[in-house]
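Letter by letter, the chains look like this.
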Amino acid sequence: MRLSSQNLTRFTLPSLNQYPNMTSGLNSLMWFRKGLRVHDNPALEYAAKNSTQVYPLFIIDPHYMKADPTAFSPGSRFAGLTRIRFLLESLVDLDCSLKKIGSRLLVLHGEPHDVLISCLKEWDIKRLCFEYDTDPYYQALDAKVKSHALESGIEIYSPVSHTLFNPAEIIQKNGGTPPMNCLSFSKVAGEPEWLSSSLSTSLSAIPPVGDVGTCEVSEVPTVKQLGYEDIQEEEPPIFKGGESEALRRLRESIKDKEWVAKFEKPNTDPSAFKKPATTMLSPYLKFGCLSSRYFYQCIKDIEKEAKNHTSPPVSLLGQLFWRDFFYTVSYGTPNFDHMRGNKICRQIHWNNDDELLAAWRDARTGFPWIDAIMVQLRKWGWIHHLARHSVACFLTRGDLFIHWEKGRDVFERLLVDSDWSINNGNWLWLSCSSFFYQYHRIYSPLSFGKKYDPNGAYIRHFLPVLKDMPKEYIYEPWTAPLSIQTKAKCIIGKDYPKPIISHEIASKECKRKMAAAYELNKKQNGIVSDEDLHNLRAQVEDQSQVTVSRRLKQKLI
Ligand code: FAD
């Protein structure tokens, strides 16, 4: 099937008589949070059916969006500017799409719960529709909103449409706990239910917006209006937010059917930057500009026609299973985003070293492969999956032995696709805190990138200071003789940092520390206190006499 905008109308939703309590002649409010799209948006469809007036609302929460000049990169306290800009672009696009079908997006500013409750009253809303959200922030917020709605006799419609499956149903099917690996997840999940009845990807009209009363509705603000300096980028942004762009990119990504059918994630190249090796659709899935279910449906159509195709977990379809897998585990695991109080997370005596953390975050480790990735992250807000593996392993159990929560926070801020479930899940994985336990398998910052890119084109692009370094030294420039460094106009220690650690020593120490932590977790059946970790840290440091960071600061800096 070749995708065109007509294909978007091919599907139909489960018939509306399946919806509860259908009434007519009422005001509905469609509350957008994620799910910033018109296609495959069951909450919006339901709001549009049999309502007299529909109020499509997005609330700008200053807590999330207010500029924070003290943060380590431009943006608010929680999000980098690249993601904020992406969100605003997505809202503009949504407003445009809604206008085409007789409506518009109403933007209000303030604390979401308070704003929403006052809108419900002011607009005499009888039906509130919003996409179900498993993130703890929305779980807490939605519980408060639902209790208000219940007291006020407002009907709530909150379908699961951000993921392929309903995490709660998967957990129930699995006997009350989430499946703990992707294979058992896909066995429990089977085919999504909606696949047989097909999706609705067209909405031709929405009832008009009613009188907004005293609510101070605005247009979608610009970054400047939100208090950000409009930073002039050196290069045009890599992503443009919005559903229209998401669908265009989807079409582009899957037009080569053979590529889709043969997709094997582990064989994709993390150093490809002119034409990245994966779809780069993650920011669109994160904000719901693209429906993961529609994406799944498109891949399925291609697979049906293909003679052979790859399978989960490595296939393109498999990538969407990974996404749902992390959503399900995170939904069923209290304190998923922390080491403490998280029963699936091994307790490890991570180091606390702000200097090393900042060197990693700011691309000053002296390892070109690591630093180039961190520059790409900052500039693009996106890096390839195996590049994420490399830098996450380096920060945690591979070299620096720094807490995965610290790395998670940096990713959470800088990624445009920053996603609570997926980000935390992958940091747990990469730090060998959960899911994956082979801590002796370390991504070498010296040789891993070289396998894909022996000439170092990726490094030269993101670290132009090294652009003239001969390929023999591009991954370890400190080993280049001074004459070569001079010729390459890059003196190590002056123009580009010396390595902050010796990978050989650090990785050995990390393995020893991981072994000790695993042993303790095993001995104490996972019940490990702060004091136990403190004692373990003292014991391990005693054995090595001096910590990695101290040794290296003495030796190399
Ligand atoms: P493709 O390979 O084209 O895959 C298509 C889609 O499948 C992706 O867009 C994504 O939604 C999903 N997907 C792919 N790989 C994974 C995976 N391993 N786990 C879950 N879903 C996956 N992804 C995020 O979307 N948000 C994050 O915050 C995030 N943080 C990560 C942190 C670390 C430490 C690591 C190792 C990975 C993280 N990932 C995250 C997963 C993965 O790296 C990205 O989803 C992927 O690189 C996005 O690129 P793509 O859209 O081209 O992926």
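Per chain, residue numbering runs from 1 following the sequence as it is written. Whole-chain, interface and lining totals are the exception, using all residues; otherwise, since this is a predicted model, local features are given only for residues with pLDDT of at least 70 and side-chain atom pairs are given and counted only at 80 or more. Water and hydrogen atoms were dropped before computing side-chain values, which therefore reflect all heavy atoms in the structure.

**A few points about the overall build of the chain**
We count a stretch as a helix when DSSP gives it H or I for four or more residues in a row; a strand needs E for two or more, and each element gets its number in order from the N terminus. Of regular secondary structure, the chain possesses 24 helices and 5 strands. Taking the principal axes of its C-alpha atoms as reference, the chain extends roughly 80 × 55 × 55 Å. A contact between two residues is defined here by any heavy atoms of the two lying within 4.5 Å. Here the contacts in the chain between residues at least 6 apart in sequence split such that 78% fall between residues at least 24 apart. The Shrake-Rupley method, run with a 1.4 Å probe sphere, supplies the accessible areas, and residue values consider only the shown protein chains as cover. Accessible area of the chain: about 24100 Å², with a carbon and sulfur share of 52%. Taken together, the 70 basic and 64 acidic charged side chains of the chain have centroids lying 5 Å from each other. In this count, Lys and Arg are taken as positive residues and Asp and Glu as negative ones, while His and the chain termini are left out. One atom stands in for each charge, and that atom is NZ of Lys, CZ of Arg, CG of Asp or CD of Glu.

**What about the site of the ligand?**
Note on terminology: near, applied to a residue and a molecule or strand, indicates that one of the residue's heavy atoms is within 4 Å of it. The local shell around the ligand holds 28 residues, among which Lys-265, Thr-278, Thr-279, Met-280 and His-385 are the closest. What qualifies as a polar contact is a pair of N or O atoms within 3.5 Å, subject to a donor-acceptor requirement within protein and to the restriction that residues adjacent in sequence count only when both atoms come from side chains. Taking Thr-279, its side chain carries an N or O atom lying 2.5 Å from an oxygen atom of the ligand. In isolation the ligand exposes 810 Å². Once the protein is present, 99% of that is buried. Those elements that provide at least two residues to the shell around the ligand are α11 (282-286), α13 (316-331), α16 (385-398) and α18 (420-430). At 5 residues, the largest contribution of residues to the shell around the ligand is made by α18. Classifying every residue of the shell around the ligand gives 14 nonpolar, 9 polar and 5 charged. Ten residues, namely Ala, Val, Leu, Ile, Met, Phe, Trp, Tyr, Cys and Pro, are considered nonpolar, four, namely Asp, Glu, Lys and Arg, are considered charged, and the remaining ones, Gly among them, are considered polar.

**Quick look at the packing of aromatic side chains**
Two rings from Phe, Tyr or Trp (for Trp, the six-membered ring) form a pair when their centres are within 6.5 Å of each other. A pair whose planes differ by under 30 degrees is stacked, one over 60 is edge-to-face, and the rest are tilted. In total, this model carries 41 aromatic pairs according to the counting rule given. Pairing Phe-325 with Phe-326 gives two aromatic rings, centres 5.1 Å apart and planes at 55 degrees, and the pair type is tilted. Across the pair, exposure class does not vary: Phe-325 and Phe-326 are buried alike. Within the aromatic cluster, the residues linked to one another by ring pairs are Phe-165, Phe-185, Trp-194, Tyr-296, Phe-321, Trp-322, Phe-325, Phe-326, Trp-429, Phe-435 and Phe-436. A cation sits over an aromatic face here: Arg-346 above Tyr-437, 4.1 Å from the ring centre. Taking the ring centre of Phe-72 as reference, the NZ or CZ of Arg-361 above it sits at 4.3 Å. Any residue under 20% of the maximum accessible area for its type is buried, any over 50% is exposed, and the rest in between are partly exposed; the area is computed with a 1.4 Å probe on protein chains only. Any Lys NZ or Arg CZ found within 6 Å of a ring centre and within 35 degrees of that ring's normal is scored as a charge over the ring.

**With respect to helix α15 (residues 368-380)**
Helix length check: α15, at 13 residues, gives a terminal C-alpha distance of 18 Å against a target of 18 Å (1.5 Å per residue), a fit within 8%. When you tally the buried positions in α15, you get 11 out of 13 residues, the bulk of the element. Listed as buried for α15 are Pro-368, Trp-369, Ile-370, Asp-371, Ala-372, Ile-373, Met-374, Val-375, Gln-376, Leu-377 and Trp-380. Taken together, the buried residues of α15 touch α3 (81-100), α14 (354-361), α16, α17 (404-414), α19 (448-452) and α20 (457-462). Of the residues trailing α15, Gly-381 is marked for its positive phi of about 75 degrees. Expected span of a helix: the number of residues minus one, times 1.5 Å.

**Let's talk about the side chain of His-162**
Relative to the helices and strands, His-162 resides in the loop between β5 (155-157) and α6 (167-173). Reaching out from His-162, the side chain makes a polar contact with the side chain of Tyr-327 at a distance of 3.0 Å. With sequence-adjacent residues up to four places away left out, His-162 is seen in contact with Lys-34, Glu-131, Leu-285, Lys-286, Gly-288, Ser-292, Arg-323 and Tyr-327.

**Points about the environment of Asn-426**
Within the secondary structure, Asn-426 sits in helix α18. Counting along the chain gives 37 residues from Asn-426 to His-389, while the straight-line C-alpha distance between them is 8.6 Å. Residue contacts for Asn-426: discarding those within four places in its chain leaves Phe-326 and His-385.

**Comments concerning the confidence of the model for the chain**
A residue's pLDDT is simply how confident the predictor is in it, with values from 0 to 100. Per-residue confidence for the chain gives a mean pLDDT of 92; residues scoring 70 or more make up 92%. Within the model, the stretch residues 1-24 combines pLDDT values under 50 with 63 contacts to residues more than four positions away or in other chains.

**Some details on the environment of Lys-471**
Relative to the helices and strands, Lys-471 resides in the loop between α20 and α21 (482-487). Lys-471 sits in the partly exposed class, given a relative accessible area of 46%. Setting aside anything within four residues of it in sequence, one finds Lys-471 in contact with Pro-454, Asn-455 and Arg-460.

**Side note on helix α12 (residues 292-305)**
Three- or four-residue spacings in an α-helix give side chains the same orientation, since the helix completes a turn every 3.6 residues. Here α12 spans 20 Å end to end across 14 residues, near enough to the 20 Å set by a 1.5 Å rise per residue. The element α12 is extensively covered by neighbouring structure, given that 12 of its 14 residues are classed as buried. Those residues of α12 not exposed but buried are Ser-292, Arg-293, Tyr-294, Phe-295, Tyr-296, Gln-297, Cys-298, Ile-299, Lys-300, Asp-301, Ile-302 and Glu-303. Close packing links the buried residues of α12 with α1 (42-48), α8 (194-197), α9 (243-254), α10 (257-262), α11 and α13. The N-cap of α12, judged by a side-chain oxygen 3.1 Å from the amide nitrogen of Arg-293 a few residues on, is Ser-291.

**Some details on unusual backbone geometry**
Cis geometry is adopted by the peptide bond preceding Pro-313, which originates at Pro-312 and carries an omega value of 5 degrees. By the secondary structure assignment, Pro-313 is in the loop between α12 and α13. You will see that Asn-335, though not glycine, has its phi angle at about 55 degrees, which is positive. Mapped onto the elements, Asn-335 comes out in the loop between α13 and α14. One non-glycine residue, Phe-401, lies in the positive phi region at around 55 degrees. Take Phe-401: it is sitting in the loop between α16 and α17. The buried category is assigned to Phe-401, whose relative accessible area is 1%.

**Quick word on the nonpolar core**
Think of a nonpolar core as a cluster: buried Ala, Val, Leu, Ile, Met, Phe, Trp, Tyr and Cys residues, connected wherever their side-chain atoms sit within 4.5 Å. Residues Leu-290, Phe-295 and Trp-360 are the most contacted members of the largest nonpolar core, which totals 144 residues. If we ignore the near neighbours within four places in the chain, the residues touching Leu-290 are Arg-37, His-39, Ala-246, Leu-247, Leu-250, Leu-281, Tyr-284, Leu-285 and Phe-295. In this structure, Cys-119, Tyr-138, Val-145 and Ile-154 belong to the second largest nonpolar core, which totals 24 residues.

**Brief notes about the pairing of strand β1 (residues 27-32)**
Of all 6 residues in β1, 6 are buried; the element is thus mostly enclosed. The alternating pattern of β1 places Asn-27, Leu-29 and Trp-31 and Ser-28, Met-30 and Phe-32 on opposite faces, both of which are buried. Of the strand pairs in this sheet, β1 and strand β2 (residues 53-60) are connected by 6 bridges, and their pairing is parallel. Residue Leu-29 lies in a different strand from β2, and its bridge partner there is Tyr-55. A crossover links β1 with its parallel partner β2, the connecting element being α1, and its sense is right-handed. Here, strands pair whenever DSSP counts at least two bridges between them. Examined bridge by bridge, β1 and strand β4 (residues 127-129) share 3 bridges and lie parallel to one another. From the neighbouring strand, Ser-28 faces β4, where its bridge partner is Arg-127. When the strands point away from the viewer and the connection leading from the first strand across the helix to the second strand turns clockwise, the crossover is called right-handed.

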